[in-house]
Amino acid sequence: MSSLPSRATTVIVGGGIQGLMLAFCLAERGSTDTVVLDAGYWQGGASGRNGTMVRGGFASQEWTRFFGRSLELWVGLSKRLGENVMFTRRGYAILAESEAMDGLLDTMTATHRLCGVQSRRLAASQIADILPHADHTRIRGALYFDQGGIAPHHAVMKGLRKACIARGVRLFYDTPVTGFEKSNGRMAAVLCGETRIEADVTVICCGAQNTRVAALAGLELNGEAHRIEALATEPMRPVIGPGIALPERFTYLHQTARGEIVGGSEVPGETPRESLANTVPIMAAFARHLVEMFPCLADLRILRHWTGMLHVTSDHAPMMGPHPDLADLWVSGGWMYGIAGAPAAGDMLAQAIVTGVIDARMAPFAVDRFRRGALIVEGSTVNV
Amino acid sequence: MKRLAHATQRAGTFLFDGRTVPFHLGDTPAAALHAQAIRTLARSRKFHRPRGLSGSFVAGHLCGVDGSPHVRLDRLAAAQGMRVTTENVWPCGAFDLLGSARLLPRRWLRAGFEHSPLMPSGTARFEPWERFMRFMAGEAPVHAGNRRAIPQGRRMTSDVVVVGGGPAGREAANAAAAQGRSVALVTRGHVAGAKAAAWGAVLPALHDGVTVLTAHDACGLYDRGRHLLCAPHDAASSATIVAAGEVILATGRRSAPPLVAGADLPGVMDAETALTLAHRHAVAPGERVAVVGNGMEDTLAARLERLGVTVVACQPVERLERIVGWSAVSGIDAGGHIACDCVVHAGPWRSDRRLAFMAGADGDLRVLGGPLPAMVRLAGAAQEADEPVGHGAALDRRALACPCMDVTVDELLDLIAAGETHVEVLKRLTGCGMGPCQGIPCWDNLAHIVAHATGREPSGIGHPTYRPPGAGLTLAQAAGLQDLVPLS
């Protein structure tokens, strides 16, 4: 591996999907002098531990406009990268088990129409066609995204990494940032131990580490680290086509191309802590949700169970844009739907950094919205 | 394969891919099939190579049983009328067209499960391809009518829990019970100490005060040792959480398969599997058995011969160059060619470190094992140093590092040569260790290959995270664990 340079046009702290996508989009716009630094190993963070599901529509217009754009960008991504990211539009279903949730799905459909994102309510017979193995007595209604689907993180990360390296982006893993240097009211350099990397632009996008890394620059960032657990079962022939969200159960799942059922649940009430150790109750909760909704999976064995960590903001929405307190510092954080949102985030941030123009669809997610009191109200996310 | 002199009487028949198979009292389906010389129980993930009873590669032991997917045939009692079916075959086990995949050049099927070089890139052509790939990769068919009530899990408390029913486990359990402490002992065997008995050892009786969980996998250790997850092999039974004040891991050592070409063929098995066949089931592991080992080969050969098995060769494992065969073992090359239909390996011996790792595992960027918590300790052979896997000056590029996922040494060496030396990254690029064994023995092979190719010490390479529950627990059993352990 080559050694760290002493300067770069852009230094990106965090080599997950946000960091690599941004580096790639910057390179597409001609800005290739980028260094990406990551404290862990490639795919070691949330970008290698997530549910890999992609949808364009949410309950709020802000989310729907942004993620709708991101879904459009997912479609052409393989071609842009020259690598198959294995994005597949197998569909994405949000299932309602209560009247209240069913009502929310109606509201969401209206929002989607307003924002130009395709979605539809499914009749009972259509639910039976799309999810033949589900327990239909539990499902009161469904909202379906024909264009939603799955983007397997290993393929996406592999494609992004190859495409970045091919365009001259320098990637350094197992390379923690130890400090920052500010001068004249701007972010001037990133420190990695003894090495000082001078940068025109610095971007913090390191997931659950965001607040800690920002603190190294003496800056506060809204949000906190949040644990998520997921598991994978032994492989089966196709049982479940689309990605599935069960909002009332705080549960999401899909079946991978190699047959494993992968998903997770959240169990409210956990004490926040930073740890990748697994727990029994969260595994048990997800297993119960899965078996209740898909009874034919009862005897399937659990191959492995793991934990990932996210940066969750106080309104659960991502934050993207310049940091309000320090020039030349940008942030892309607060990602709970980071796989779904990465193509739009990379594209719009790259445009903003290179041209200074902030896309209207990204603007509501500004980093300073918390202090302005301009929180985003979004009622459909699975994560609590 | 012949039944040995001490065979029990015939007890009934079951169906394997429609064919009637007789079984004897106490047989597992794996033993009964072996006795009928049916040795291919499964097909590998990508190359569709034959896989069988090995004791090392779990995917080779898995079949559908009465509609349930991926049931371990070596851990189940054969029952009258049971329907066993091969998975990952099309259209059927008796006439498997997918088996021709092994004729494809191995380079075409690299890169884990996505078979990258074969895959059209770009969305439009990818989606139909993905449908085909999902069918190919998914292995087990789904039976819509296959429902099961969630077995309510149970929580057991005891002063001490011992994992392993061998000599060290018994000694520790008996010592604790003699002090008046409550003791639970968890064993994978159908009885505690089955493996030692197969070797011919006479073990001391267990103290009356010891509660024994037989046919259970201790498949996860959580909360720094406070909760041991034990899954019964029978999917209808509930899982148990043992909350103990002290955890003693007496999990012994097992023989690592040789890292040579052909070691994945049906007919290659570890000492424990061969002895279990010969001793417990009175089935010869082969008609002509070759034994290789790391010092224990003579003892093992003598034991097998005493049980009535024909041993045609007994060699140190480092002389083994390759194992020859197409659908099963037909011979070995070890100095010269020796015709045999079974290879039994007795070493290199290595401990299963998963529970010890999980007891101390934590981290925020990477899960690393820490020092054992004070309440967890190792006992017996599990404490002994691991013997190195692999032998010889050069690596055999044709060998499979991870036979369940069809990861070749060749593929790993090419990635290492391209600069990928992090075991977590190599796992993600190839799928090595992501099958039902969850890293044992493949990550030992992975560390050896990285060490060999980079000139580093194997002990400094490490391994990817051992993640519970490692195919030990069904979803229904896991669902039954709700409310047994408080949320942390």
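**Overview of the overall build of chain B**
Within chain B, the regular secondary structure consists of 11 helices and 28 strands. Here chain B has a C-alpha radius of gyration of 22 Å; the compact-globule value for 488 residues is 23 Å, and the two agree. Looking at chain B residue by residue over its 488 residues, the buried ones come to 57%.

**Some words on the domain arrangement of chain A**
Interface extent is often summarised as the accessible area lost during association of the parts. Entries for chain A in the domain assignment read domain 1 (7–49 + 154–223 + 315–372) and domain 2 (92–148 + 228–307). In this structure, domain 1 of chain A and domain 2 of chain A have C-alpha centres spaced 30 Å apart.

**Concerning the sheet that holds strand 22 (residues 336–339) of chain B**
Residue and element names in this part refer to chain B. Reading across the sheet, the three strands line up as 20-21-22 and stay open at both edges, with antiparallel pairing between neighbours. Lying at the two open borders of the sheet, with one neighbouring strand each, are strand 20 (322–325) and strand 22. For this sheet, the mean inter-axis angle between neighbouring strands, taken without regard to orientation, is 30°. Note: strand 21 (residues 329–334) against strand 22, four bridges, orientation antiparallel. Across the sheet, residue Ala334 finds its bridge partner in strand 22, namely Gly336.

**Digging into the packing of helix 2 (residues 61–81) of chain A against helix 8 (residues 338–355) of chain A**
Residues and elements named next belong to chain A. Between helix 2 and helix 8, the shortest axis-to-axis distance is 7 Å and the interhelical angle comes to 90°. With respect to helix 8, the axis of helix 2 lies roughly perpendicular. Note on element contacts: helix 8 touches helix 2 through Ala340, Gly341, Pro343, Ala344 and Asp347, opposite Phe66, Phe67, Arg69, Ser70, Leu73, Trp74 and Leu77. Residues that form the contact of helix 2 with helix 8 fall into these classes: eight nonpolar, two polar and two charged.

**Remarks on the domain arrangement of chain B**
The domains assigned to chain B are domain 1 (10–97), domain 2 (154–254 + 351–385) and domain 3 (393–472). Here domain 1 of chain B and domain 2 of chain B have C-alpha centroids that lie 29 Å from each other.

**A short note on the environment of Arg43 of chain B**
Residues and elements named next belong to chain B. Within the secondary structure layout, Arg43 lies in strand 3 (residues 42–43). The exposure class assigned to Arg43 is buried, which follows from the 25 C-beta atoms found within 10 Å. Along the backbone, Arg43 and Gly60 are 17 residues apart, and their C-alpha atoms lie at a distance of 7.1 Å. The residues contacting Arg43, other than those within four sequence positions of it, are His48, Arg49, Pro50, Arg51, Asn88, Val89, Asp96, Leu98 and Gly99.

**Quick look at the confidence of the model for chain B**
Mean pLDDT over chain B stands at 92; residues scoring 70 or higher make up 97%. For this predicted complex, the interface confidence score (ipTM) comes to 0.95, while the overall pTM stands at 0.95.

**Digging into the sheet that holds strand 13 (residues 243–246) of chain A**
Reading across from one edge, 5(A)-6(A)-4(A)-13(A)-14(A)-15(A)-12(A)-16(A)-28(B) is the order of the nine strands in this open sheet, with mixed pairing throughout. With one partner strand each, in any of the chains shown, strand 5 (120–122) of chain A together with strand 28 (469–474) of chain B form the two edges of the open sheet. Between one strand and the next, the sheet's axes are offset by a mean angle of 30°, whatever the strand orientation. Bridge analysis of strand 14 (residues 251–255) of chain A against strand 15 (residues 261–265) of chain A gives five bridges, and the strand direction is antiparallel.

**Here we look at helix 9 (residues 423–430) of chain B**
Residue and element names in this part refer to chain B. With seven of eight residues buried, helix 9 lies mostly within the body of the structure. For helix 9, the complete set of buried residues consists of Val423, Val425, Leu426, Lys427, Arg428, Leu429 and Thr430. Immediately downstream of helix 9, the backbone of Gly431 shows phi near 85°, a positive value.

**Looking at the interface of chain A and chain B**
Across the boundary between the two partners, chain A contributes 61 residues, which contact 61 residues of chain B. Counting residues per element, the side of chain A that touches chain B draws most heavily on helix 7 (residues 280–293) of chain A, which supplies nine residues. Its residues assigned to classes, the side of chain A that touches chain B comprises 32 nonpolar, 17 polar and 12 charged. Two elements, strand 16 (residues 301–312) of chain A and strand 28 of chain B, share three bridges in a ladder whose sense is antiparallel. Within strand 28 of chain B, the residue paired with Arg301 of chain A across the bridge is Thr474 of chain B.

About the cut-offs
Here, residues in each chain are numbered from 1, in the same order as that chain's written sequence. Whichever chain is written first is A, and whichever ligand is written first is 1; the rest continue in order. Side-chain atom pairs in this predicted model are given and counted only at pLDDT of 80 or more, local residue features only at pLDDT of at least 70, and totals for whole chains, interfaces and linings cover all residues. Labels follow the DSSP assignment, with helices taken as runs of H or I lasting at least four residues and strands as runs of E lasting at least two, numbered in each case from the N terminus. The atom set for the radius of gyration is the C-alpha atoms, and the globule formula is 2.2 Å times the number of residues raised to the power 0.38. Counting other C-beta atoms within 10 Å of each residue's C-beta, where C-beta atoms are placed from the backbone, gives the exposure class: buried for 20 or more, exposed for 12 or fewer, partly exposed between. For every domain, the bounds stem from an assignment made automatically or drawn from a database. Here the rule is simple: two strands pair whenever DSSP picks up at least two bridges between them. Whenever a helix is involved, its axis is fitted only over the stretch in contact; in every case the axis is a line through C-alpha atoms, and angles between N-to-C directions fall within 0 to 180 degrees. Every angle not falling under 35 degrees, over 145, or within 65 to 115 is termed oblique; those three ranges are roughly parallel, roughly antiparallel and roughly perpendicular. Whether two residues are in contact depends on their C-beta atoms, placed from the backbone: they are in contact if these lie within 7 Å. For this scheme, ten residues count as nonpolar: Ala, Val, Leu, Ile, Met, Phe, Trp, Tyr, Cys and Pro. Four count as charged, namely Asp, Glu, Lys and Arg, and the remainder, Gly too, count as polar. Confidence scores labelled pLDDT are given residue by residue by the predictor and lie between 0 and 100.

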